[in-house]
Amino acid sequence: MALFMMRFTVRTERLTTIGGYIAGFALLFLIWHLAATYLVKSTLFPPPLPVLERGWMLIEDGILQEQIIASLKRIAQGFLLGSAIGIPIGLAIGSFKPVRWLLEPWTEFFRFIPAVAMITVSVIWFGIGEESKVFLIAYTTIFVVIISTAAGVGAVGRDKIRAAQCLGANRWQVFGLVALPATVPYILTGMRLAMSNAFVTIVAAELIASNDGLGKMLWDARLFMQIEDIFVALVALGMLGFATDRSFRFLIRAFAGRFNATV
Amino acid sequence: MALVSLQGVGKVFSGRTGAWEAVRDFSLDLAEGEFFCLLGTSGCGKTTVLNMVAGFDAPTAGSILLDGAPVAGPGADRGVVFQGHDSLYDWLTALDNIGFGLRLRGLGKAERRAKAEHFLRKVGLTGQGAKHPSELSGGMKQRIQIARALANDPRMLLMDEPFGALDAMTRAVLQGELSRIWAETKKTVLFITHDIEEACALATRIGVMRRGPGGTLKAIVPVDLPFPRERTSDAFMRVFRDVHGLIHDEIHGAH
Ligand SMILES: Nc1ncnc2c1ncn2[C@@H]1O[C@H](COP(=O)(O)OP(=O)(O)OP(=O)(O)O)[C@@H](O)[C@H]1O
Ligand SMILES: [Mg+2]
């Protein structure tokens, strides 16, 4: 009975959350509709209905999916590459003082050069193919992940490490069985932040140098003054970002929820 | 031969605010199987002594011998129960926390589980093994810490005010359980507290510390009362008064 009650409350909580999201989005579209039809009354600011109609058309023609997949593929590749490089470096910086002294100037230097500023260089180096976009996403991911991971290693409680030592753990066991799992929530949080950076970066990169993707769609729509297409791309971006972030938060909860109540 | 022998141990911390002599000329022999309570006012150097025995800190003077060999660092022969409970691993269940030391030694899953279950029962938490530390109360967490240390079968237990953060009732219950477990396992225990009653209820000997700087042993009071201890008995009261007198002088500065 108690178990049933618990399941029940978790279920209703989840339903309330989803209900809240739906209501929130409905309100957003309502305000958009009111603002466009009664306030602005300009062809440059279309109400949601024509935008959604146009979006549906683009989906039926298979065009919208194509752009979304092109952008998402780049984000996924660069994000995974950046995380794969950033996590070990962050762990090393957090664990070994000499590595910290050596690499911290690097991270502190590059983290103030935004990926958007690197677009020119990356196009010169890699051309306008996939490589330049993957490079930019990886670039924007790496430093956030490094910093967050290193901070996580530094935040492992002293008693956790001491407890392992007096249970007989050697250096590697302390690292692998205590420091690493204790850092997982920080790593995931860093990746979540990096993911939102990746969305910013991909649009900027595709605006400037690309043959497809949501950024390219925005750019083309501006050239041909297809105002609805611009809004379709914007709405798609917002929804994709929202969905990705929620899934990430879900993952963090699932993997790390019981690690730490504050995640 | 004594299991642990501290000989003229001293510890000077040097930091931003200059040097601070926390412990001076501290000598003590712990015999196998005894329950020694180190009692003293806050800041007199109790934790400093325990950390040196555990091997977390090195003494700046004198020497600490375990079975005749100098202590060089932390090791599985000395199990530590920490004052706070953030030494537990949040990502492991209670059972896996208890079996952590066994896992380090490469014990198989089944054997580990059986042993961990045994010690879970010993600390009175049967059926709670699947919970994570965030789902346990403060008293339960300290029980898990004790079980984790015991499961590793150390030569001795070092306990730094393990019940300090608990309410009076939970503390009394856990004191009773610890006393029972000690009687069963006959582990040597070095137990730190600033609670006189706790010391009188648990110890076979009580060491009262003098206030720092240069905290050191002031007196050792043997407690020859049978277990389980009857806290309202005259004999208990007599020991309590003796120890209280020694501590009272400390608090009011009459050296
Ligand atoms: N790492 C350190 N650096 C400098 N001084 C320290 C350090 N650790 C402890 N001290 C000092 O040494 C003295 C003894 O500290 P210790 O922690 O051993 O006290 P304690 O008896 O355990 O007190 P409590 O009952 O409050 O835990 C204190 O004056 C403290 O300020
Ligand atoms: Mg202390």
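To start, this report covers the structure provided alongside it.

Quick notes on the rules
Residues numbered from 1 in each chain as written. Chains lettered and ligands numbered in written order. Predicted model: local features only at pLDDT ≥ 70, side-chain atom pairs only at ≥ 80, totals over all residues. Heavy atoms only, no water. 1 Å grid on protein atoms, 1.4 Å probe; cavity = no way out; pocket = protein on both sides within 12 Å on 5 of 7 lines; lining within 4 Å. Points joined across faces, edges and corners; volume = space filled by probe spheres on them. Helix = DSSP H or I, 4+ residues; strand = E, 2+ residues; numbered from the N terminus. Nonpolar A, V, L, I, M, F, W, Y, C, P; charged D, E, K, R; others polar. Domains from an automatic or database assignment. Core = buried A, V, L, I, M, F, W, Y, C linked by side-chain atoms within 4.5 Å. Buried < 20%, exposed > 50% of the residue type's maximum accessible area, 1.4 Å probe, protein only. Contact = heavy atoms within 4.5 Å. Disulfide = S-S within 2.5 Å. Expected span 1.5 Å × (residues − 1). Arc of directions from axis to C-beta. Pairing = 2+ DSSP bridges. Axes fitted to C-alpha atoms, helices over the stretch in contact; angles between N-to-C directions.

Some remarks on the layout of surface pockets
Residues and elements named next belong to chain A. There is about 560 Å³ of room inside the largest pocket. Along its surface, the largest pocket is lined by eleven residues, and Arg14, Thr17, Arg249, Phe250 and Arg253 are the ones closest to its centre. Listed by contribution, the elements that provide at least two residues to the lining of the largest pocket are helix H1 (2–40) and helix H10 (227–256). Looking at the lining of the largest pocket residue by residue, the class counts come to five nonpolar, one polar and five charged. Residues lining the lining of the largest pocket come from more than one domain, with at least three contributed by each of domain 1 (1–45) and domain 2 (52–259). Empty space within the second largest pocket amounts to approximately 380 Å³. As for the second largest pocket, its lining consists of 15 residues, and the residues nearest its centre are Ser95, Ile161, Arg171, Val174 and Phe175.

Observations regarding the nonpolar core
Ranked by internal contacts, the top residues of the largest apolar core, which has 46 residues, are Phe191, Ile206 and Val243 of chain B. Here the element with the most residues in this core is helix H5 (residues 138–151) of chain B; it accounts for seven residues. Each of domain 1 (1–77 + 160–169 + 182–255) and domain 2 (86–153) of chain B gives at least three residues to this core. With residues near it in sequence (within four places) discarded, Val243 of chain B still touches Leu39, Ile196, Cys200, Ile206, Val208 and Val221 of chain B. Judged by nonpolar contacts, the second largest core, of 42 residues, contains Ala164 of chain A together with Leu6, Phe26 and Phe36 of chain B.

Here's the deal with the side chain of Ser179 of chain B
Within the fold, Ser179 of chain B resides in helix H6 (residues 168–185). Not counting the four nearest positions on each side in its chain, Ser179 of chain B is found in contact with Ala201, Leu202 and Phe227 of chain B.

Let's talk about the state of the cysteines
A full pass over the atoms with the stated rule returns zero disulfides over all chains. Free of any disulfide, Cys166 of chain A has its nearest neighbouring cysteine sulfur in Cys37 of chain B, separated by 19 Å. Cysteine Cys200 of chain B shares no disulfide, and the gap to the nearest cysteine sulfur, in Cys37 of chain B, comes to 8.6 Å.

Focus: helix H2 (residues 48–60) of chain A
Residue and element names in this part refer to chain A. When the terminal C-alpha atoms of H2 are compared, their 18 Å separation across 13 residues agrees well with the 18 Å that a helix rising 1.5 Å per residue should span. Of all the positions in H2, only Pro48, Val51, Gly55 and Leu58 are classed as buried. Each buried residue of H2 sits inside an arc of 85 degrees when the element is viewed along its axis, so together they form one side. What points out from H2, more than 90 degrees from its buried face, is the exposed set Leu49, Glu53, Trp56 and Glu60. Positioned one or two residues after H2, Gly62 has a phi angle of 75 degrees, which is positive.

Some points on the sheet that holds strand S1 (residues 4–15) of chain B
Residue and element names in this part refer to chain B. An order of S2-S1-S4-S5 is seen for the four strands of this open sheet, with the pairing classed as antiparallel. Two strands bound the open sheet, and with one partner strand each, they are strand S2 (18–30) and strand S5 (69–70). Each of S1, S2 and strand S4 (61–66) is contacted by helix H1 (residues 46–54), which is oriented at about 115 degrees to S1, the strand it contacts most.

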